[in-house]
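# Examination of the molecular architecture
What follows is the residue order along each chain.
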Amino acid sequence: MGSRKFKPGKAISIFVLFFFPLLILLGVWQVNRGIEKGDLLALYASNKSMHPMQEEDFFNLSISNNKYRNVFLSGEYLPKVFFLDNRTYRNKAGFEVFSLFQTKKNNIFLINRGWSDKKIIKDKLLYKPPAGTIQIEGLNTPFHRLGLEIKSSSLDLLKEPLVFQELTFKKVLNFLDQGMGLNPVVIQLSVDSPGAFEPIWKPTLFGAPRHFGYAAQWFGLSLVLLILYVYFGVRQAAKANEETK
């Protein structure tokens, strides 16, 4: 009988058969995420540089054409203020401050007024939105889940001030009168608008290069695993052949 040149064994073969495709899939997933982030940042850069929309344009344009566009809104702030906790800026803990804004056309928007340190919550005069009819400008962004809820509690809706670990579309709806609608976007308030704090919002935490770097790591691990598998199989075969001589 001829000697075998490759004999990795059943256990190691099953191990590689499971983990090698998994590593490849993780690498491909990160590549796709990188492409998505690249497209998102390109759309953000393109639309942000366009002239600000009026409220009518917001509803007349398609979602892709008004996303990441600046928009002018005229109306008044509603009294409720939401604090999103655990928002760090320049290594300092604080809140992102949100308020509801009702336009003259009775459209309701959630406004991210920006970041402030923890001291703001002690004085209502500091965070109370300006009263009366005003005009604001901000960047139209999708309303994804904001923050991360570790432990949800219905008591959050009863406490004053309203501090949340996670702010969702459904939670905000709880504070609107029945029949009032909320647009599924967040307006990131410009620093020059009434009621604004420090703007810290970014379209994404990680850019495309970060994801491509992760992809390279996964593909690198898959290559290492394959090389070790071949090396181990050849070595085991050589060892077995030596024993049979």
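Just above, that's the structure.
Below, the structure is looked at part by part. All figures in this text were calculated on a predicted structure; none of them were measured in a lab.

On to the overall build of the chain. If you tally the helices and strands in the chain, you get six helices and eight strands. Element order for the chain, N to C, with α for helix and β for strand: α-α-α-β-β-β-α-β-β-β-β-α-β-α. When burial is assessed residue by residue, the chain has 37% of its 245 residues classed as buried. Long-range contacts, defined as pairs at least 24 residues apart, comprise 68% of the intrachain contacts of the chain with a sequence gap of at least 6. Taken as a whole, the chain presents about 15100 Å² of accessible surface, with 60% of it coming from carbon and sulfur. Measuring between centres, the 31 positive side-chain charges of the chain sit 11 Å from its 20 negative side-chain charges.

All told, the structure shown has 17 aromatic pairs when counted by the stated rule. Between phenylalanine 82 and phenylalanine 164, the aromatic rings sit 6.2 Å apart at their centres with planes inclined by 45 degrees, giving tilted as the arrangement. A residue pair is termed long-range when its members are at least 10 positions apart, and phenylalanine 82 in strand E1 (residues 70–89) and phenylalanine 164 in strand E6 (residues 162–164) qualify at 82 residues. In this structure phenylalanine 82 comes out as buried when scored by relative accessible area, which is 0%. Relative to phenylalanine 175, the ring of phenylalanine 82 lies with its centre 5.1 Å away and its plane at 70 degrees, an arrangement referred to as edge-to-face. With phenylalanine 82 in strand E1 and phenylalanine 175 in the loop between helix H5 (169–173) and strand E8 (185–189), this pair connects stretches of sequence that are 93 residues apart. Here the aromatic cluster, defined as three or more aromatic residues joined through ring pairs, consists of Phe15, Phe18 and Phe19.

Another aspect to go through is unusual backbone geometry. Residues other than glycine predominantly adopt negative phi, and peptide bonds predominantly adopt the trans conformation. The residue arginine 90 is not glycine, and still its phi comes out positive at about 55 degrees. The exposed category is assigned to arginine 90, whose relative accessible area is 68%. If you check the backbone angles, asparagine 106 has positive phi at about 65 degrees while not being a glycine. Note on placement: asparagine 106 falls in the loop between strand E2 (92–103) and strand E3 (108–117).

Structurally, threonine 141 can be placed in strand E4 (residues 134–142). With a relative accessible area of 1%, threonine 141 lands in the buried category. In this structure the side chain of threonine 141 is engaged in a polar contact, spanning 2.7 Å, whose partner is the backbone oxygen of valine 186. In this structure the side chain of threonine 141 is engaged in a polar contact, spanning 3.0 Å, whose partner is the side chain of glutamine 188. Aside from chain neighbours lying at most four places away, what touches threonine 141 is Tyr68, Val185, Val186, Gln188 and Trp201.

What counts, and at which threshold
Chains are numbered independently. Their residues run from 1 in the order of the written sequence. The predicted nature of this model means local features are confined to residues of pLDDT at least 70 and side-chain atom pairs, given and counted, to a pLDDT of 80 or more, with totals for whole chains, interfaces and linings taken over all residues. The basis for every side-chain value is the complete set of non-hydrogen atoms in the structure, without hydrogens or water. Secondary structure elements follow DSSP: runs of H or I no shorter than four residues count as helices, runs of E no shorter than two count as strands, and numbering proceeds from the N terminus. Per-residue accessibility, obtained with a 1.4 Å probe over protein chains only, is compared with the maximum for each type, and a residue is labelled buried under 20%, exposed over 50%, and partly exposed between these values. In what follows, residue pairs with any heavy atoms lying within 4.5 Å of each other are defined as contacts. What sets the accessible areas is the Shrake-Rupley method with a 1.4 Å probe; for residues, cover comes only from the shown protein chains. Here the positive residues are Lys and Arg and the negative ones are Asp and Glu; neither His nor the chain ends is included. In this description, the location of a charge corresponds to atom NZ of lysine, CZ of arginine, CG of aspartate or CD of glutamate. Paired rings are identified among Phe, Tyr and Trp, the last through its six-membered ring, by centres lying within 6.5 Å, and are further divided according to the angle between planes into stacked (under 30 degrees), edge-to-face (over 60) and tilted (the rest). We call two N or O atoms a polar contact when they sit within 3.5 Å, provided that within protein one can donate a hydrogen and the other can accept it, with sequence-adjacent residues counted only if both atoms are side-chain atoms.

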